[in-house]
Amino acid sequence: MKVIFLDIDGVMITGTHLKPSHAYNGYEFAPVAVENLKEIIEQTGAAIVVSSTWRTGGFAFLQNMFHSNGIAKGLVGQTPVIHYASRGQEIQQYIEESKWDPTLKVDRFIILDDNDDMGHLRSYLVRTHWRTGLDEEAKEQAIQMLLGKKE
Ligand SMILES: [Mg+2]
């Protein structure tokens, strides 16, 4: 499957939209980021695997977080937490473990993040700015990469 390794702070929660959520202890996703993420999913069929530190709240917490922000489908998992490892190493570990499950096997992926600690996976990064998050430009780049039109 195609996968988006998704960070949340600086991608879905942005500096220009800091509104506390009523559904969980944190901020709402920026509506623009939600629309752009939905469009990426619609155009590419990619699934979401959360790489953000918010994943330490557990998968049920993430499901509630996504549902309450209007993202009802597409969330399939989260990367493992490996102490003293970079986010890139955690993503690599997820990809390796998914090889054993035909329903989760990662064939193509991108990383959406406002940081760049991706190590050898850096060429898969679509980097956002924390203020604006998943904007139009990042959305276009993500779609092109997931459809294989640009590496
Ligand atoms: Mg971030």
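Here we summarise the structure given alongside this text. (Residues numbered from 1 in each chain as written. Predicted model: local features only at pLDDT ≥ 70, side-chain atom pairs only at ≥ 80, totals over all residues. Heavy atoms only, no water.)

## Thoughts on the sheet that holds strand 2 (residues 47–50)
Paired through backbone hydrogen bonds, the strands of a sheet run either parallel or antiparallel to each other.
Consideration 1: Within the open sheet, the five strands sit side by side as 3-2-1-4-5. Their pairing is parallel. Because the sheet does not close on itself, it has two edges, and the strands there are strand 3 (75–78) and strand 5 (125–127). The average angle at which neighbouring strand axes cross in this sheet is 25°, direction not considered.
Consideration 2: The sheet contact formed by strand 4 (residues 108–113) and strand 5 spans three bridges and is parallel. Bridge assignment links Ile 111 to a residue of strand 5, and that residue is Leu 125. (Pairing = 2+ DSSP bridges. Helix = DSSP H or I, 4+ residues; strand = E, 2+ residues; numbered from the N terminus. Axes fitted to C-alpha atoms, helices over the stretch in contact; angles between N-to-C directions.)

## Looking at the coordination of the magnesium ion
Consideration 1: Summarising the metal site, the magnesium ion is bound by the protein donors Asp 7 (OD), Asp 9 (O) and Asp 114 (OD), whose distances to it range over 2.1 to 2.2 Å.
Consideration 2: Each donor residue of the magnesium ion lies on the same chain, and together they follow the pattern D-x1-D-x104-D.
Consideration 3: Note on Asp 7: relative accessible area 3%, which makes it buried. (Donors = N, O, S within 2.8 Å, 3.2 Å for Na, K, Ca; no water. Buried < 20%, exposed > 50% of the residue type's maximum accessible area, 1.4 Å probe, protein only.)

## Let's talk about the packing of aromatic side chains
Consideration 1: Counted by the stated rule, this structure contains six aromatic pairs.
Consideration 2: Between Phe 5 and Phe 109, the aromatic rings sit 5.7 Å apart at their centres with planes inclined by 80°, giving edge-to-face as the arrangement. Within this pair, whereas Phe 5 is found in strand 1 (residues 2–6), its partner Phe 109 is found in strand 4, the two being separated by 104 residues in sequence.
Consideration 3: Seen in terms of ring centroids, Trp 54 and Phe 61 are 5.9 Å apart; in terms of plane orientation they differ by 10°. Their pairing is stacked.
Consideration 4: Each member of the aromatic cluster is reached from another via a ring pair, and the members are Phe 5, Tyr 94, Phe 109 and Tyr 124.
Consideration 5: In this structure, Arg 131 is placed above the aromatic ring of Trp 130, and the distance from its NZ or CZ to the ring centre is 5.8 Å. (Phe/Tyr/Trp six-rings, centres within 6.5 Å; stacked < 30°, edge-to-face > 60°. Lys NZ or Arg CZ within 6 Å of the ring centre and 35° of its normal.)

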